[in-house]
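Listed below are the residues making up each chain.
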Amino acid sequence: MRLYYASASPFAAKVRMAASHCGFVLDEVAVDTSAEPTDLLAANPLGKIPSLVTDDGCPVFDSSVICDLFDRMGGNQLVPQPLDAWRAVKTFEATVDGVVDALLLTVYEVRYRPEEKRYDGWVDKQTRKGERGLVVLDQRLDELTEELTIAHFALAGLLGWMNIRFPGKAAGEFPRLAAWLDAFVAANPSLAEYVPRA
């Protein structure tokens, strides 16, 4: 399977950790989405990463969909199957993904919009969304089980990415989350290489 990704992407980190955990070896292709490479667009007309092409040539995109595919192919190693546990893990993952989406929009506002056209109200709104999500993740941190799930991989990807894009934010405002990432990396050296880092 071929994975198109960007190395600092929290979504790609989640997918790469999930694949490794399930025992799948990926042919990884790092891409620059702003260049709109032809092979990425063939795999995903939206030009978003991560995007996966299966061994039989089927495109699969959106990190959650890719991870769900890995979970099914790997015998449900990423998401517990009892209903309450499934709901808890998938809701935690969705919260992480929502935080990434909100904070990513603030990054893009600065990166891609000329300064005279930036809208502080938009940035503030997305920042508040991200903050609310981080508060919930901090409150629900104890729900993460010892057995690794997609929730662990999503959170590790988010926190590693935040350390790059928002240096000091996690440690300064959410020390429990920052300590969790340190413990996750120390306990899972084979997965640590996929956590975004500066």
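Worth saying up front: this structure is predicted, and the values here are computed from it rather than measured.

Reading the values: rules and limits
The numbers attached to residues start from 1 for each chain and follow its sequence in the written order. Per-residue local features of the predicted model are confined to residues with pLDDT of at least 70, and side-chain atom pairs are confined, for both listing and counting, to 80 or more; whole-chain, interface and lining totals are unaffected and use all residues. To get the side-chain values, all heavy atoms of the structure are used, and hydrogens and water are removed first. Strands were regarded as paired on the criterion that DSSP finds at least two bridges between them. Secondary structure elements are taken from DSSP: a helix is a run of H or I of four residues or more, a strand is a run of E of two residues or more, and numbering for both begins at the N terminus. Here an axis means a line fitted to C-alpha atoms, over the contact stretch when the element is a helix, while the angle between two N-to-C directions is reported on a 0 to 180 degree scale. Note on contacts: a residue pair qualifies if any of its non-hydrogen atoms lie within 4.5 Å across the two residues. Exposure is judged per residue with a 1.4 Å probe applied to protein chains only, and the accessible area is read against the type maximum: over 50% gives exposed, under 20% gives buried, and values in between give partly exposed. The definition of a polar contact used here is a pair of N or O atoms within 3.5 Å, where within protein one atom must be able to donate a hydrogen and the other to accept one, and adjacent residues in sequence count solely through side-chain atom pairs. The rule for a salt bridge is simple: a side-chain nitrogen of Lys or Arg has to be within 4 Å of a carboxyl oxygen of Asp or Glu. UniProt positions are given in the numbering used here, feature names are shortened, and annotations may be inferred rather than shown by experiment. Here a pair means two rings of Phe, Tyr or Trp (six-membered ring of Trp) with centres within 6.5 Å. Their orientation is stacked below 30 degrees between planes, edge-to-face above 60, and tilted elsewhere. The span you would expect from a helix comes to 1.5 Å times its residue count less one. Look down the strands so they point away from you; if going from the first strand over the helix to the second traces a clockwise path, that crossover is right-handed.

1. Regarding the sheet that holds strand β2 (residues 27–30)
Item 1. Pairing within the open sheet is mixed, and its four strands lie in the order β2-β1-β3-β4. This sheet does not close on itself; its edge strands, each paired only once, are β2 and β4 (59–61). In this sheet, adjacent strand axes meet at a mean angle of 20° when their direction is disregarded.
Item 2. Inspection of the sheet shows strand β3 (residues 51–53) paired to β4 by three bridges, in the antiparallel sense. Looking at β4, one finds that valine 53 is bridged to proline 59.
Item 3. Packed onto the sheet, helix α3 (residues 63–73) meets β3 and β4 and runs at close to 120° relative to β4.

2. As for the side chain of lysine 90
Item 1. As for its position among the elements, lysine 90 is in helix α4 (residues 83–112).
Item 2. What makes lysine 90 buried here is its relative accessible area of 15%.
Item 3. Polar side-chain contacts of lysine 90 include one of 2.8 Å to the side chain of glutamate 93.
Item 4. When near neighbours in sequence (up to four residues on either side) are disregarded, lysine 90 contacts Asp68 and Val79.

3. What to know about the pattern of salt bridges
Item 1. This structure, assessed with the given rule, holds eleven salt bridges.
Item 2. Where lysine 14 meets glutamate 93, a salt bridge forms, and the shortest distance between an N and an O atom there is 2.8 Å. A residue pair is termed long-range when its members are at least 10 positions apart, and lysine 14 in helix α1 (residues 10–22) and glutamate 93 in helix α4 qualify at 79 residues.
Item 3. Owing to a relative accessible area of 0%, lysine 14 belongs among the buried residues under this scheme.

4. Some thoughts on the UniProt feature "domain: GST N-terminal" (unreviewed entry) in the chain
Item 1. Per the UniProt record, the feature "domain: GST N-terminal" (unreviewed entry) sits at residues 1–78.
Item 2. For residues 1–78, helix accounts for 38% and strand for 18%, while the C-alpha atoms at its two ends are 18 Å apart.

5. A few points about the packing of aromatic side chains
Item 1. Taken as a whole and assessed by the stated rule, the structure comprises four aromatic pairs.
Item 2. An angle of 40° between the planes, with centres 5.4 Å apart, marks the rings of phenylalanine 24 and phenylalanine 70 as tilted. Here phenylalanine 24, found in the loop between α1 and β2, pairs with phenylalanine 70, found in helix α3; they are 46 residues apart in sequence, far enough to count as distant.
Item 3. Residue class for phenylalanine 70 comes out buried when judged on its relative accessible area of 0%.

6. A closer look at the side chain of serine 51
Item 1. Mapped onto the elements, serine 51 comes out in strand β3.
Item 2. Only 2.7 Å separates the side chain of serine 51 from the backbone oxygen of lysine 48, close enough to count as a polar contact.
Item 3. With residues up to four places along the chain from it excluded, the contact list for serine 51 reads Arg2, Leu3, Tyr4, Leu40, Ala43, Asn44, Val60, Phe61 and Ile66.

7. Overview of helix α6 (residues 150–165)
Each full turn of the α-helix corresponds to 3.6 residues, which orients residues three or four apart in the same direction.
Item 1. Between its terminal C-alpha atoms α6 stretches 22 Å, which fits the 22 Å expected from 16 residues at 1.5 Å a residue.
Item 2. A large share of α6 lies buried, amounting to 13 of its 16 residues.

8. Description of the pairing of strand β1 (residues 2–5)
Item 1. When β1 meets β2, the two strands line up parallel, connected through four bridges. Across the sheet, residue tyrosine 4 finds its bridge partner in β2, namely valine 29.
Item 2. Tracing the backbone out of β1, into α1 and back to the parallel element β2 gives a crossover that is right-handed.
Item 3. Taken together, the three bridges between β1 and β3 define a ladder with antiparallel strand orientation. In the strand pairing of β3, arginine 2 is matched with valine 53.

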